[in-house]
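Observations on chain architecture
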Amino acid sequence: MEFGVFHICLCLCPRSRKTGQYNVQRCKAAGAAPGSSSGKTPYQRCSSQDSLDEQAMVDYFKEVEIIQRSGDAETQEEVQLKVADEGEQEEAWLMEAGLATLFDESASDGEDSIALLSTLTRTQAAAVERRVETLKQTLRKRNKPYSVPDVREIFKPASQSNGAGPGTPGGGADAETDINLEVSFSEQALTYKEGLKVTQPQNEDFRVSQDKTGQTRVGDLSAEDMKKVRRLVLIEMSALFDTCGIEVKAHKALKVRVRESGLFGVSLSTLLEQDQRRIPGTKVPLILQHLMSHIEEQGLDTEGVLRIPGAATRVKAVCHELEHKFYEGVFPWQSLKQHDAASLLKLFIRELPYPLLTVEYFSAFTSVLKLPTKKQQLQALNLLVLLLPEPNRDTLKALLEFFQRVTDHKDRNKMTLNNVAVVMAPNIFMCKGFRSKISEQQEFAMATGTANIVRLLVRYQNLLWTIPKFVLNQVRKHNMENQRKMHRDRAVKKLLKKMAYDRERASDKQEKNTEAEGGFIRVQAPQFSKVSMAVQLTEDLKASDVLTHFLSQERSPSVKREDLCLYEMGGNIKERCLDEETYITALLELNPSAEWVIKSVQSQKSS
């Protein structure tokens, strides 16, 4: 069954858009059974597993009315959104993908671009080719000199070596509800489009297929490898939409004056700079953390905890008081009512000068439900989450985890997943600048679509923060290509010393590999008293077993299991914190030159 945008047969008549007041009237849906007496308003829907009932959508428009009445727009200038000019979007895309050398010969990343191109799948290469061709045509129209190479030459090596890319379409995950992370999502979409595999799951209980080399989460990789992940994910996301025939126009934000300090109406980057001066390592704005904690401390069993608004005048007064007293530590939290705190939380999200989902990817998020299957929609959301800047991604994760805790109390607070989704959707999607650009009709059409996107984000948040294995495999290949290039460039004098070191290191690794072949691996733990140990290698040895063995020998009583991680380091990856379910023998096959190091996760976060 396909998961599409719902078409509600509700006559939502605006009495005044300025005040956000709506009349909700019932009307008969086409094709409704005559004489129906179910008491529920019939709807026209695309076939779907999910259902947002009439009351849920009434709550959506009530929330829109509350937003309009709150008058937040007066506090700051709206961000003016603009669609990039023809050719400008392609040029920006190629630069973000690390492929600037394809239109600018003076770009400094030429060798790295070649390594990146060598890892691409057919659909990914087609996405790059499409944008290079569009840029070339635009420059030709403008009669501008250009040095864009012939795309046939660019992709000749990639098309010959990669074919369908890492994995084989249809392989890896067999169950209909398994999200296959081993094969490029765009390649899977091409297989679906060509009719090679058309079975659709009958339920929505999607899960990530198991992998013996372990799952990789956001935060598990080095900054250097995450940069490669982001470039590959951008190409893959574009390839997925291209394969499904969906055009996504990226917006750009024109610079406006925004507040340079404070709590509300301040950019995430500015907020985090303020907060990190007080608490180093802060990743989610302190004011947001305090608001969520306060709501939870007062109990999540309160009925309508996110739906029922606080008193508008009181919320406004508390907002001003927070601005002056929060950082001084003298704000009277004990007097803050729970519904007022929830209203302040929503106000914080709306007042961000740039949307939480970013201006650049806002259109892509709203286009997700145009994809033909729910599995593809989840795959697109997975890629989009990985593309978000770190402050936005961390803040979104904190919010989604909070929303999940709210829904865990649904039997008492009457806030089901649907209720939370419809109440939060307008706060997340009706952002400044965008709000004034859409018509009333578009606003109504967006209602169910944006609510369903929030619903997917909350329900599948654990899946969406996973780095797909096919992307990680491409990063490994990219690293290997760079290493081969370094070894080929023997004429460069500054590499001679490095080469000598590499030869010495290779000798050490040969000894280590011999040790592994003898049935043991050497695990280093330089931060602890037990700095090195040998662990017997078996088919069933997992990362969790290595940590257990280490703790049995470590003398320091302060070492806690939850603070430790076994890292895969070197070879074809910079470093990777391993999922405890990772099978070491399976990972050795993927990265035979890897070293194994136990480190404190806390020290890694602060470094």
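Residues numbered from 1 in each chain as written. Predicted model: local features only at pLDDT ≥ 70, side-chain atom pairs only at ≥ 80, totals over all residues. Heavy atoms only, no water.

Identification of the protein as Rho-GAP domain-containing protein from Cyprinus carpio is taken from an unreviewed UniProt entry. One UniProt comment on the protein, placed under Function (unreviewed entry), says "GTPase activator for the Rho-type GTPases by converting them to an inactive GDP-bound state." (UniProt positions renumbered as here; feature names shortened; annotations may be inferred.)

So, on to the environment of V454. Position of V454 relative to the elements: it lies in helix α18 (residues 440-459). When the C-alpha positions of V454 and V422 are compared, they lie 8.0 Å apart, and in sequence the two are 32 residues distant. (Helix = DSSP H or I, 4+ residues; strand = E, 2+ residues; numbered from the N terminus.)

Per the counting criterion, the structure on display carries one disulfide. Covalent S-S linkage joins C565 and C577, the inter-sulfur distance amounting to 1.9 Å. Measuring handedness by torsion sign, the sulfur bridge of C565 and C577 sits at about 120 degrees and is right-handed. Here the residue C565 occupies a position in strand β13 (residues 564-570), and C577 occupies one in strand β14 (residues 573-577), the gap between them amounting to 12 residues. (Disulfide = S-S within 2.5 Å.)

So, on to helix α14 (residues 374-387). Owing to its 3.6 residues per turn, the α-helix aligns residues three or four sequence positions apart on the same side. End to end, α14 covers 20 Å across 14 residues, agreeing with the expected 20 Å (1.5 Å per residue, within 8%). Counting buried residues in α14 gives 13 out of 14 residues, a clear majority hidden from the surface. (Expected span 1.5 Å × (residues − 1). Buried < 20%, exposed > 50% of the residue type's maximum accessible area, 1.4 Å probe, protein only.)

Let's shift gears to the environment of Q553. Turning to its location among the elements, Q553 is positioned in helix α22 (residues 543-553). Q553 sits in the partly exposed class, given a relative accessible area of 31%. Residues Q553 and M533, spaced 20 residues apart in sequence, show a C-alpha to C-alpha distance of 9.1 Å. In this structure the side chain of Q553 is engaged in a polar contact, spanning 2.8 Å, whose partner is the side chain of H549. (Polar contact = N/O pair within 3.5 Å; in protein donor to acceptor, adjacent residues only side chain to side chain.)

Time to look at the pairing of strand β15 (residues 595-600). In terms of residue burial, β15 counts as a mostly covered element, since six of its six residues are buried. Taken together, the two bridges between strand β11 (residues 520-524) and β15 define a ladder with parallel strand orientation. Counterpart to V523 in the pairing with β15 is W596. Two strands pair when backbone bridges link them, and β13 and β15 are joined in this way by six bridges, in the antiparallel orientation. Paired with M569 across the strands is E595, a residue of β15. (Pairing = 2+ DSSP bridges.)

Let us now look at the sheet that holds β15. Reading across from one edge, β12-β11-β15-β13-β14 is the order of the five strands in this open sheet, with mixed pairing throughout. Strands with a single pairing partner mark the edges of an open sheet, and in this sheet they are β12 (532-536) and β14. Pairwise comparison of adjacent strand axes, ignoring direction, gives a mean angle of 30 degrees for this sheet. (Axes fitted to C-alpha atoms, helices over the stretch in contact; angles between N-to-C directions.)

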